[in-house]
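Here is what each chain is made of, one letter per residue.
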2 protein chains.
Amino acid sequence: MQMTAFFQVNPELPEVDFLLGSKSPRRRELLSMLDIDAEIVHIGADEEFPSDLTLRDVAQYLAEKKSNAYGGDLTGKILITSDTTVLLEDQILNKPQDMNEAKAMLRELSGKNHFVNTGVCLRTASGISSFSDLTIVTFKELSESEIDYYVNTYKPFDKAGGYGIQEWIGAAGVVGIEGCYYNVMGLPTQKLYSELCDFIRRYFQ
Amino acid sequence: MQMTAFFQVNPELPEVDFLLGSKSPRRRELLSMLDIDAEIVHIGADEEFPSDLTLRDVAQYLAEKKSNAYGGDLTGKILITSDTTVLLEDQILNKPQDMNEAKAMLRELSGKNHFVNTGVCLRTASGISSFSDLTIVTFKELSESEIDYYVNTYKPFDKAGGYGIQEWIGAAGVVGIEGCYYNVMGLPTQKLYSELCDFIRRYFQ
């Protein structure tokens, strides 16, 4: 069998299998950018969290919650779960329910900085590890016609905060970011890559 | 004729045609992310610059030089030209000539910050305007095996600095950036979008 690229690059690590507990096509794409092949597994977990949790800890909490909801055998395997939250001032912006809510979110993000926080949990049979990464995103002042065009054309209903940075609004409306770009899309790829190496060293060697 | 998306979003602007003076497939991609249709034109200009030019001014100088090398009629049209430079300490990293040079560049970038500066020039029959945008990119410490894998697999010979941020090395090796992500790929899309609006207001209204 052909060794997957991740283990070609890190020949000192023993080979393990990866599972990705996510329905997001963007997360699959980001994992394949890392040249990691993962089997997609379905996990049913709600997205409730304790009301006294600090907002910046929610993403990591939900990544762990998804991980713990998976009951399969993880011998020789690593399960990757994650959650992305968009934080504006003292609130979390979820996925918009409809056109009006998506437009209202973009009006709130317009001309301001916000945070995108992605929590990731790695779990195998003998151990668990989790972390999160934060990226600051700055939007220009968006006109009503720009907001209408984006929401009507791109229908960002599956995206926390009502936008995808890899779409028109990211190219035309985002002045700059501070941190990992791919984190805004759904996975902190660089941190994930390094943490996977450490995790395999710790639990499989 | 269907109005192109750029003019749907900015209905107060008169319609003009766009020309892109670049062979880079990535720049075409970035323009289409902005929902701008541009005709590709071939411009032959060398990349020489005066030796006393400040390194941060080189990209804008070369964008203007490419613009001025185009002799076609620009009535009712805007020509977009650009140049991207990768700056590490007091040197410019060009496109690597071969495997060894690409690997040497990545060894230099490893574990450090560098600058990516893209200069853009907009020109029509009655006026010209140019600007540049700078993004800071931070690489983690790259291992020899990571450098070998990337260069052997992705062959980054058409990329200044010897890497593409949208490839494996960008996902696995870039800790973070400060500024516009698309600027690192070859066009400061947000700034370009705003400058195009201003340019059309100034020269076509």
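Relevant structure appears above.
All figures in this text were calculated on a predicted structure; none of them were measured in a lab.

What chain A contains, in helices and strands, is 8 helices and 7 strands. Scaling as 2.2 N^0.38, a compact globule of 205 residues should have a C-alpha radius of gyration of about 17 Å, and chain A matches this with 18 Å. For chain A, the spread of C-alpha atoms along the three principal axes comes to 55 × 35 × 25 Å. Every one of the 205 residues in chain A was classed for burial, and the buried ones make up 54%. For chain A, the exposed surface amounts to about 8800 Å²; the carbon and sulfur share of it is 46%. Each charge sign in chain A was given a centre, from 19 positive and 30 negative side chains, and these centres are 2 Å apart.

It is worth spelling out the packing of aromatic side chains at this point. Where two aromatic rings form a pair, the distance of their centres and the angle of their planes describe that pair. For the structure on display, the rule yields 23 aromatic pairs over all chains. With a centroid separation of 5.9 Å and an interplanar angle of 15°, the aromatic rings of Phe7(A) and Phe18(A) are classed as stacked. Here Phe7(A) is found in helix 1 (residues 5-9), whereas its partner Phe18(A) is found in strand 1 (residues 17-20), with 11 residues between them in sequence. Classification of Phe7(A) as buried rests on a relative accessible area of 1%. Look at Tyr181(A) and Tyr181(B): their rings are 3.5 Å apart centre to centre, the planes differ by 0°, and that puts the pair in the stacked class.

Below, the discussion takes up the interface of chain B and chain A. Across the boundary between the two partners, chain B contributes 34 residues, which contact 34 residues of chain A. When chain B packs against chain A, the two sides together hide about 2600 Å² of surface, and 55% of this comes from carbon and sulfur. Mapped onto the side of chain B that touches chain A, the elements with two or more residues apiece are helix 1 (5-9), helix 5 (144-154), helix 6 (168-173), strand 7 (174-179), helix 7 (181-185) and helix 8 (189-204) of chain B. Tallying contributions element by element places strand 7 of chain B first for the side of chain B that touches chain A, with 6 residues. For the side of chain B that touches chain A, a count of residues per class yields 18 nonpolar, 11 polar and 5 charged. Pairing geometry for strand 7 (residues 174-179) of chain A and strand 7 of chain B, over 3 bridges, is antiparallel. Each bridged residue has a counterpart across the sheet, and for Ile177(A) the counterpart in strand 7 of chain B is Gly179(B).

Mapping chain B onto chain A leaves a residual RMSD of 0.0 Å; the transformation is a rotation of 180° accompanied by 0.0 Å of translation along its axis. These values place the two chain copies in the arrangement generated by a two-fold rotation axis. Across chain B, the rotation axis passes nearest the C-alpha of Glu178(B), at a separation of 2.2 Å. A shared interface surface links the copies, since 100% of the contact residues of chain B are contact residues in chain A too.

Let's shift gears to the state of the cysteines. Under the defined criterion, the tally for this structure stands at 0 disulfides over all chains. In this structure Cys121(A) is not part of a disulfide, and its nearest cysteine sulfur, from Cys197(A), lies 17 Å away. Between Cys197(B), a free cysteine, and Cys180(B), which holds the nearest cysteine sulfur, the sulfur-to-sulfur gap is 15 Å.

Another aspect to go through is the pattern of salt bridges. Residues and elements named next belong to chain A. This structure, assessed with the given rule, holds 22 salt bridges over all chains. Lys-66 serves as the salt-bridge partner of Glu-47, at 3.7 Å between the closest nitrogen and oxygen. Residue Glu-47 is located in the loop between strand 2 (38-40) and helix 3 (58-68), and its partner Lys-66 is located in helix 3; the two are separated by 19 residues in the primary sequence. A residue is classified by how much of its surface remains accessible, and Lys-66, at 13% relative accessible area, is buried. Three or more residues are tied together by salt bridges with common partners; here these are Arg-26, Asp-158, Lys-159 and Glu-167.

Procedures and definitions
- Residues numbered from 1 in each chain as written.
- Chains lettered and ligands numbered in written order.
- Predicted model: local features only at pLDDT ≥ 70, side-chain atom pairs only at ≥ 80, totals over all residues.
- Heavy atoms only, no water.
- Helix = DSSP H or I, 4+ residues; strand = E, 2+ residues; numbered from the N terminus.
- Rg over C-alpha atoms; globule rule 2.2 N^0.38 Å.
- Buried < 20%, exposed > 50% of the residue type's maximum accessible area, 1.4 Å probe, protein only.
- Areas by Shrake-Rupley, 256 points an atom, 1.4 Å probe, with all protein chains shown as cover.
- Lys, Arg positive; Asp, Glu negative; His and termini not counted.
- Charge placed at Lys NZ, Arg CZ, Asp CG, Glu CD.
- Phe/Tyr/Trp six-rings, centres within 6.5 Å; stacked < 30°, edge-to-face > 60°.
- Contact = heavy atoms within 4.5 Å.
- Buried area = accessible area lost by both parts, 1.4 Å probe.
- Nonpolar A, V, L, I, M, F, W, Y, C, P; charged D, E, K, R; others polar.
- Pairing = 2+ DSSP bridges.
- Least-squares fit on C-alpha atoms with pLDDT ≥ 70 in both.
- Disulfide = S-S within 2.5 Å.
- Salt bridge = Lys/Arg side-chain N within 4 Å of Asp/Glu carboxyl O.

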